Amino acid sequence: MATERERQARERRAQTEREKASPRITRPGSAPPREPQRPDDTNPATSAAAPATPAVAVQAPTTGQTVDQSCADSSNFLTRDFCRVRACRNPAMAGDPVCVRFREMEATNRSRAAQ
């Protein structure tokens, strides 16, 4: 039982270290992640005033690919459409013909549903 607890504690520490080492990736426009509070930070008199540093938003590099090119390796038609929908959420892809067609289909479906 004690060895199981020790193993779990080691795994938690390793996970924490991996999280600290990995860069934080946020979506543009999203709020920076909140830092966890530690029990010793609850007393303002004993904690040092450290300036808050916002997380840097990391964007995927622009490859110049179209939506069809970026989703060409999808295994079947269903996953390909999911990939296309996900790619069309990117504002840089708003003018892509696939994204324009998806928006037109969505508008048609909404107008049918409203009738």
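Structure: see above.
The structure reproduced in this document is the subject of the present report. (Residues numbered from 1 in each chain as written. Predicted model: local features only at pLDDT ≥ 70, side-chain atom pairs only at ≥ 80, totals over all residues. Heavy atoms only, no water.)

1. Things to note about the nonpolar core
If you look at the biggest cluster of nonpolar residues, it comprises 8 residues: V67, C71, C83, A87, M93, V98, C99 and F102. Among the elements of the structure, α3 (77-88) and α4 (97-114) are those that each provide at least two residues to this core. Element by element, the count of residues in this core is highest for α4, at 3 residues. Setting aside chain neighbours within four positions, we find A87 in contact with V67, S70 and M93. (Core = buried A, V, L, I, M, F, W, Y, C linked by side-chain atoms within 4.5 Å. Buried < 20%, exposed > 50% of the residue type's maximum accessible area, 1.4 Å probe, protein only. Helix = DSSP H or I, 4+ residues; strand = E, 2+ residues; numbered from the N terminus. Contact = heavy atoms within 4.5 Å.)

2. Describing the state of the cysteines
Scanning the model with the defined rule gives 2 disulfides in all. Here C71 connects covalently by a disulfide to C83, the sulfurs 2.1 Å from one another. Every disulfide takes its handedness from the sign of the S-S torsion; for C71 and C83 that torsion is -80°, giving left-handed. With C71 in the loop between α2 (67-70) and α3 and C83 in helix α3, the pair connects residues that are 12 residues apart, well separated along the chain. (Disulfide = S-S within 2.5 Å.)

3. Some details on the pattern of salt bridges
Here the idea is simple: oppositely charged side chains can pair when their charged atoms come close. For the coordinates displayed, the defined rule picks out 4 salt bridges. Here R84 and D81 are joined by a salt bridge, their closest N and O atoms 3.4 Å apart. Of this pair, R84 and D81 both sit in helix α3, 3 residues apart, which is roughly one turn of that helix. Judged by its relative accessible area of 32%, D81 falls in the partly exposed class. Here the residues in one salt-bridge network are D68, D81 and R84, joined through shared partners. (Salt bridge = Lys/Arg side-chain N within 4 Å of Asp/Glu carboxyl O.)

4. Some words on the packing of α3 against α4
One can describe the packing of α3 onto α4 by two numbers: an axis separation of 10 Å at closest approach and a directional angle of 95°. In this view, α3 runs roughly perpendicular relative to α4, as classed from their interaxial angle. Contacts from D81, R84, V85 and C88 in α3 reach V98, C99 and F102 in α4. Of the residues in the contact of α3 with α4, the class split is 5 nonpolar, no polar and 2 charged. (Axes fitted to C-alpha atoms, helices over the stretch in contact; angles between N-to-C directions. Parallel < 35°, antiparallel > 145°, perpendicular 65-115°, else oblique. Nonpolar A, V, L, I, M, F, W, Y, C, P; charged D, E, K, R; others polar.)

5. Here's the deal with α4
Between its terminal C-alpha atoms α4 stretches 26 Å, which fits the 26 Å expected from 18 residues at 1.5 Å a residue. Restricting attention to buried positions, one finds in α4 the residues V98, C99 and F102. The buried residues of α4 all sit within an arc of 95° when viewed along its axis, so they share a single face. Opposite the buried face of α4, by more than 90 degrees, sit the exposed residues P97, E104, R112 and A114. Elements that come into contact with the buried residues of α4 comprise α2 and α3. (Expected span 1.5 Å × (residues − 1). Arc of directions from axis to C-beta.)

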